[in-house]
Structures are given as structure tokens and as C-alpha cells.
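# Summary of the model geometry
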Amino acid sequence: MQFLFKIADVYFVKERGAILFPGVPYSLPRAVQVGAAIIIERPDGSRIETTIKGFEMIRSIVPLEHAPFFVPRHIGKSDLPLGSQVFLAEDAAFDRGSVKPPRCNACSSPAVVRLIYGLPDAEAMLAVKGGQAILGGCDIFETAAQWHCTKCKAEWGVSEWTPIIRKANDQAEAKRTLQDAEALSRGTLSASVGDGGLVRCPYCRRSFDVRSNMSWNGKRHKTCGTYLTLSTQPPR
Ligand SMILES: [Zn+2]
Ligand SMILES: [Zn+2]
């Protein structure tokens, strides 16, 4: 049983439950995640066995040293007297769906950590401080690796973002293909270039600047894909 903190404050938020402060110390050399079993020992010696329901996001100018969390809603503020001691009931590995490989693919070292992408949440920060994970950066890309060896720096595996990004790319591709087919079946429409180089697309009704290669490629209005013939005269 690992001591976490003494309850210094409790906020009760109706929709979520009681939030315990200060929370899990970031200096804890161990990952703590949602669902972790905890034991709350009250000053009178009685105990509550419960779990961490979620971490609370606190915006603060000062870097926080603890991650406050909330407990299941049936536990009220009166069940949590100040000064109660909170313990972690079990060891937990930081697990985001995929099981950590026991050894590095390249050098067989057991120094394998999870790569976390994007802005880390409180749970992820605890894993980073606890040495179970490292930050992979804010850019999330399709080929992002999942595991990192702190000994030889090898990286491998497929991050949890890969299927999400792949799906988004596939959907964008399917949308473009459909848009192309529809534009071809519409044929070439006529539009006139107004003052200042502005064109109002006769199909999608959006105006664009003919000098902007974001909108016009010489043949098509890129926003909607429509083929256009441009003239300086209003179309008949
Ligand atoms: Zn290695
Ligand atoms: Zn258009």
C-alpha cells in the first residue's frame, strides 16, 4: 500500500462527485491511472475502499505538483473528513489499450516506455513523471511509434493514433473522389471575374480570388471541385 496524500480539501461537483485535493503527487515513481484502487483511511481509523474515477483538469499558472481526482459519486463530502490519508491499493502499469512489450526489439533491454502524443492529460503526466512514458511531441502523425527504448533509443510499434488518422485520411480521400466524380458529371460551368479578381462560383455560391491557388487551379474551384470557364463578361 503506497501512501499518496492527506486530504487537504474536498470539492463536491454535482455531476461528477467529490474531488480530492491535493491529489496524486507527480513525484510518485509509479503510474496511477483511472480505475486504480485506493484506500481512504479516516482519522477515526475507518476505511473506504474505492477507485479513482477520473482526474480533474485544473488550470493553473503555477505548475501543479499533484493531480487532483474524483471518486465515485456515492461518496459524499461528509464521508471524506480533512486529514484522511489516501493510499494506492495496488501497483498499476500505465496502459492505454496495448500491453507494454517486456523488452526492446533492438537491444533486449527492459527499459521500454510508452510514447504519448499530443497534450498529455494528468494521467499521462503521472506516467511520464513515474518513468513509464515519455512525450512524443504535439504533432500526431500516421506512422507514430508506440514504444521507445530509453537505452538504445529504438522506437517501434503503432500508436493508438494511427488507426484514427488512417480513417480520417481514408474519409477525406473518399470525399475527394466523390467530389471529383460529381464535378465531372456537372461539366464545365461559366463564371465571370469581377472587380479585384473575385469570382462567385455558380455551383457552390462561394466567392474566391482567382489569384489564390488555395481556391483556383486554373481549371477548377478547389473548394467544391467544379470545373469553370472564366470570363471578364457576365455569363449569359
Ligand atoms: Zn533498446
Ligand atoms: Zn465552387
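Since the model is a prediction, treat every value here as computed from it, not as a measurement.

## Quick word on the overall build of the protein
In terms of helices and strands, the protein carries two helices and 16 strands. Relative to the compact-globule value of 18 Å for 236 residues, the protein shows a C-alpha radius of gyration of 28 Å, a clear excess of over 25%. Expressed as lengths along the three principal axes of its C-alpha atoms, the size of the protein is roughly 90 × 50 × 30 Å. Sorting the 236 residues of the protein into buried and exposed places 20% on the buried side. Once local pairs closer than 6 in sequence are excluded, the contacts in the protein between residues at least 24 apart make up 55%.

## Examining the domain arrangement of the protein
Many authors give the size of an interface as the accessible area that is lost as the parts come together. For the protein, the assigned domains read domain 1 (2-88), domain 2 (112-160) and domain 3 (163-231). In terms of residue class, the side of domain 1 that touches domain 2 is built from 10 nonpolar, two polar and one charged.

## Some points on the pairing of strand β10 (residues 133-137)
Two faces, one strand: in a regular strand the side chains alternate between the faces of the sheet. When strand β9 (residues 112-117) meets β10, the two strands line up parallel, connected through four bridges. Bridge pairing in β10 places leucine 115 opposite isoleucine 134. Remark: the β9/helix α1 (residues 122-129)/β10 crossover connection has right-handed handedness.

## Side note on the sheet that holds strand β12 (residues 155-156)
If you walk across this open sheet you meet the four strands as β10-β9-β11-β12, and the pairing is mixed. A strand with exactly one partner marks an edge of an open sheet, and here the two such strands are β10 and β12. Bridge count for strand β11 (residues 147-149) against β12 is two bridges, and the pairing is antiparallel. Opposite tryptophan 147, over in β12, you have tryptophan 156 as the bridge partner. Against the sheet, α1 engages β9 and β10, with an angle of about 115 degrees to β10.

## Looking at the environment of cysteine 138
Assignment of secondary structure puts cysteine 138 in the loop between β10 and β11. Each C-alpha atom of the pair cysteine 138 and threonine 162 lies 14 Å from the other, and the pair is 24 residues apart in sequence.

## Observations regarding the nonpolar core
Judged by nonpolar contacts, the single largest core of 26 residues is most densely connected at Ala18, Leu20, Phe69 and Leu126. Breaking this core down by element, the ones donating at least two residues are β3 (17-25), β4 (37-41), β7 (66-70) and α1. Each of domain 1 (2-88) and domain 2 (112-160) contributes no fewer than three residues to this core. Excluding residues within four positions of it along the chain, leucine 20 makes contact with Ile7, Val10, Pro68, Phe69, Val71, Leu80 and Val86.

## Notes on unusual backbone geometry
Note the cis peptide between phenylalanine 21 and proline 22, where omega equals 5 degrees. By secondary structure assignment, the location of proline 22 is in strand β3. Its identity is not glycine, yet lysine 153 carries a phi of approximately 70 degrees, on the positive side. Residue position: lysine 153 is located in the loop between β11 and β12. Positive phi values are uncommon outside glycine, yet arginine 205 reaches one of about 70 degrees. On the neighbour-count criterion, arginine 205 (8 C-beta atoms within 10 Å) is exposed.

## Some remarks on the sheet that holds strand β5 (residues 47-51)
Pairing is antiparallel across the open sheet formed by four strands, whose spatial order is β1-β8-β4-β5. Looking along the sheet, the strands with just one partner apiece sit at the ends: β1 (2-6) and β5. Between one strand axis and the next, the sheet turns through 25 degrees on average, direction left out of account. Alignment of β1 against strand β8 (residues 85-88), held across four bridges, turns out to be antiparallel. Each residue of the ladder has a partner; that of phenylalanine 3, found in β8, is phenylalanine 87.

Rules used throughout
- Within each chain, residues carry numbers counting from 1 in the order of the written sequence.
- To label them, take the chains in the order written and letter them from A, then take the ligands in the order written and number them from 1.
- Only residues with pLDDT of 70 or above have their local features reported here, since the model is predicted, and side-chain atom pairs are shown and tallied only from 80 upward, although totals for entire chains, interfaces and linings are computed over all residues.
- For helices the rule is a DSSP run of H or I covering at least 4 residues; for strands it is a run of E covering at least 2, with both sets numbered from the N terminus onward.
- A radius of gyration in this sense is built from C-alpha atoms; the matching globule rule multiplies 2.2 Å by the number of residues raised to 0.38.
- Between the buried cut of 20 or more and the exposed cut of 12 or fewer other C-beta atoms within 10 Å of a residue's own C-beta lies the partly exposed class, and all C-beta atoms are placed from the backbone.
- C-beta atoms are placed from the backbone for every residue, and two residues are taken to be in contact when these atoms lie within 7 Å.
- Domain delimitation in this document rests on an assignment produced automatically or drawn from a domain database.
- Note on residue categories: nonpolar means Ala, Val, Leu, Ile, Met, Phe, Trp, Tyr, Cys or Pro, charged means Asp, Glu, Lys or Arg, and polar means any other residue, Gly included.
- By the convention used here, strands pair only if DSSP detects at least 2 bridges between them.
- For the handedness criterion, the strands are oriented away from the viewer, and a crossover whose path from the first strand over the helix to the second runs clockwise is classed as right-handed.
- To get an axis, a line is fitted to the C-alpha atoms, and for a helix only the part in contact is used. The angle between two axes follows their N-to-C directions and goes from 0 to 180 degrees.
- Here a nonpolar core is just a set of buried residues of the types Ala, Val, Leu, Ile, Met, Phe, Trp, Tyr and Cys, joined wherever their C-beta atoms sit within 7 Å.

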